[in-house]
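Chains, contacts and geometry: an overview
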Amino acid sequence: MIIKRITAKNYRTLENIEVEFKGFYTAISGRNNAGKSNIIRAIRGILNQGIRFRFTGNSIMGIDAFDWKDEITSWKKETKEDVIVDLTLEIDKNSDSAIYKFLTDLIFKDAANIDISDKENLQIKLTKTFKNETKFIVLFGNNEVKEDYQKQEVLKRLRGTQCLIFHNSTRNESFNPFGDSIDKVTNFIGTAELDAINKKKEELVKIVQKSLKHHQDELTNLLGNLEEKYEVSLSTQGLNFERETIDISLKEKDADVSLDDWGSGTKNRTLIFLNLLNAKRAQNSSAESDRITPIVIIEEPECFLHPQAQAEFGRILQDLATKLQIQVITTTHSPYLLSFKEPAANILIDRDTNG
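As the structure is a prediction and not an experimental result, all values here were calculated from the model.

1. A closer look at the packing of aromatic side chains
For the coordinates displayed, the defined rule picks out 4 aromatic pairs. A centroid spacing of 5.8 Å and a plane angle of 65° characterise the contact between Tyr-11 and Phe-66, whose relative ring orientation is edge-to-face. With Tyr-11 in strand E1 (residues 2-11) and Phe-66 in the loop between strand E5 (59-64) and helix H2 (68-71), the pair connects residues that are 55 residues apart, well separated along the chain. Classification of Phe-66 as buried rests on a relative accessible area of 2%. Measuring from ring centre to ring centre gives 5.6 Å for Phe-273 and Phe-313, while their planes differ by 80°; the resulting arrangement is edge-to-face. Of this pair, Phe-273 sits in helix H6 (residues 264-283) while Phe-313 sits in helix H7 (residues 307-324); the two residues are 40 residues apart in sequence, bridging distant segments of the chain.

What follows is the structure, given as C-alpha cells:
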C-alpha cells in the first residue's frame, strides 16, 4: 500500500493544499510551522484508529480522529466552512490482500460489470461540517461504495490492519492508540511460530493448574483451623504470552548493553529499523486476511545524529524503502535526509501568510 495523493482544505494551517507522493521514499521538508506535521496528522486521522476522547463530567462521549473545533483553520471559524481531507491510496492485489480481497470479495461481491485492476486506487474523502457531522466518500477505482454501513466497514477494515506505522523520533517511541509497545514478543514472531508456541502453552497451563491444585488443598487445610470455614480456589486465566516483552540490547566489544542505555541517536535508529522489520513481516504474512504492506511514517529521523551519521542513515533509509518496496515518508529539517536518488520525490513546503 502506498499513498499517492492527499488534499486538505481548511485543515489546521492547511487552508488549501494538494501533495503528490512519488516513489517509495518521500522527505517532507520546510521551515518550522510550515505544516509538515499537519500533513502527517491528516494522514493518521484517516488511517489510524481515532484517539481523541471527549468528556462531559465523568462520561466519555466518543472517540474520533477529527473534531471540527480543533481542526478548522483558525481564520475560517467564523465562516463555518467544512474541513476536508481527501486521501488516495494504491492497493496491490497480492501485497495488500487484507483490504483488496475485502473490497472485491465482500463489498463489491454482487456488483456487475465492475472493472478492477491488480493495482487499484482507494480514495477516501472525509468531510467534517461545523456541526461536527462526519461524511465519507469511498471510491475503489471508479466504483463507489454507496451504503453508509459499507463505508464504515471499509474504514474499520483498513484501520484494523497495520496499514500505518508511525515513529516519532523526538520521543523515541512508536505510535499505538492502545499502548502496544514495540518490544512485545508478538512483534517478532510469525503466525506459524505463534501457533506452535500456543500448543506448548496449553501443556504448560496444565502443569501450572496441577501445581495450583496442590497449593489450593494445602491452603484450604490451613484455613480449616479457623472457626469460620472458607473454601479456597486458585486458578489461572492462562499464560498470557502475548503480553510478554523482550529485552532489546546491542553488543559492543562482546558486551551486551540494553538499548535504553545507549545514546538517543543509536536507540532511535534501532527503533526505526524495528518498525521497518514489522512492516516487512506484515507484508510477508502467509494469511491473505492479514497481509498488508504498511506505510512507515517517521518524524525527524535525523534526531540525535551527527551530520555524518545523518548522511549514512539517509542513504540506508532510501535503499531499504526501495529494496523492501515499502513506502517511507519522513518529515525532516536535514538536507541529508532528502531523497538524492529521486529529487522529484522531495516535498518542500512553505507557508503563505499573505493571502
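Moving on, there is more to tell.
2. A short note on unusual backbone geometry
At Arg-12, a position not held by glycine, the phi torsion is positive, near 50°. At Glu-300, a position not held by glycine, the phi torsion is positive, near 50°. One can find Glu-300 in the loop between strand E14 (295-299) and H7. Here Glu-300 falls in the partly exposed class, since its relative accessible area comes to 22%.

3. Here we look at the nonpolar core
In globular proteins that are soluble, nonpolar side chains generally tend to be buried together. Of all hydrophobic cores here, the largest spans 50 residues; its most connected members are Ile-43, Leu-47 and Leu-89. In terms of residue count, helix H1 (residues 36-47) provides more of this core than any other element does, 6 residues in total. The contacts of Leu-89, once residues within four sequence positions are left out, are Met-1, Ile-2, Ile-3, Lys-4, Leu-47, Glu-120, Asn-121, Leu-122, Leu-158 and Ile-295. Counting 17 residues, the second-largest nonpolar core is a separate cluster that includes Tyr-25, Ile-272, Leu-305 and Leu-337.

4. Considering the packing of helix H3 (residues 97-107) against helix H4 (residues 148-160)
With their axes 10 Å apart at the nearest point, H3 and H4 run at an angle of 155° to one another. As summarised for this structure, H3 and H4 are arranged roughly antiparallel, according to the angle between their axes. With respect to the hand of their crossing, H3 and H4 are arranged in right-handed fashion. Contacts between H3 and H4 involve Ala-98, Ile-99, Phe-102, Leu-103 and Ile-107 from the first element and Gln-150, Glu-153, Val-154, Arg-157 and Leu-158 from the second. Per-class residue counts for the contact of H3 with H4 are 7 nonpolar, 1 polar and 2 charged.

5. Here's the deal with the sheet that holds strand E8 (residues 134-140)
Overall, antiparallel pairing links the 6 strands, which are arranged E2-E1-E6-E7-E8-E9 in an open sheet. If you trace the sheet from one side to the other, it starts and ends with strand E2 (14-20) and strand E9 (143-145), each paired once. For this sheet, the mean inter-axis angle between neighbouring strands, taken without regard to orientation, is 15°. Two elements, E8 and E9, share 3 bridges in a ladder whose sense is antiparallel. When the sheet's bridge partners are listed, Phe-140 is paired in E9 with Asn-143. Across the face of the sheet, H3 comes into contact with strand E6 (83-92), strand E7 (119-128), E8 and E9 while running at roughly 95° to E6.

Basis of the calculations
- Residues numbered from 1 in each chain as written.
- Predicted model: local features only at pLDDT ≥ 70, side-chain atom pairs only at ≥ 80, totals over all residues.
- Heavy atoms only, no water.
- Phe/Tyr/Trp six-rings, centres within 6.5 Å; stacked < 30°, edge-to-face > 60°.
- Helix = DSSP H or I, 4+ residues; strand = E, 2+ residues; numbered from the N terminus.
- Buried < 20%, exposed > 50% of the residue type's maximum accessible area, 1.4 Å probe, protein only.
- Core = buried A, V, L, I, M, F, W, Y, C linked by side-chain atoms within 4.5 Å.
- Contact = heavy atoms within 4.5 Å.
- Axes fitted to C-alpha atoms, helices over the stretch in contact; angles between N-to-C directions.
- Parallel < 35°, antiparallel > 145°, perpendicular 65-115°, else oblique.
- Left-handed = near helix turned anticlockwise from the far one by under 90°.
- Nonpolar A, V, L, I, M, F, W, Y, C, P; charged D, E, K, R; others polar.
- Pairing = 2+ DSSP bridges.

Don't take any of this as a statement about function, it's just geometry.
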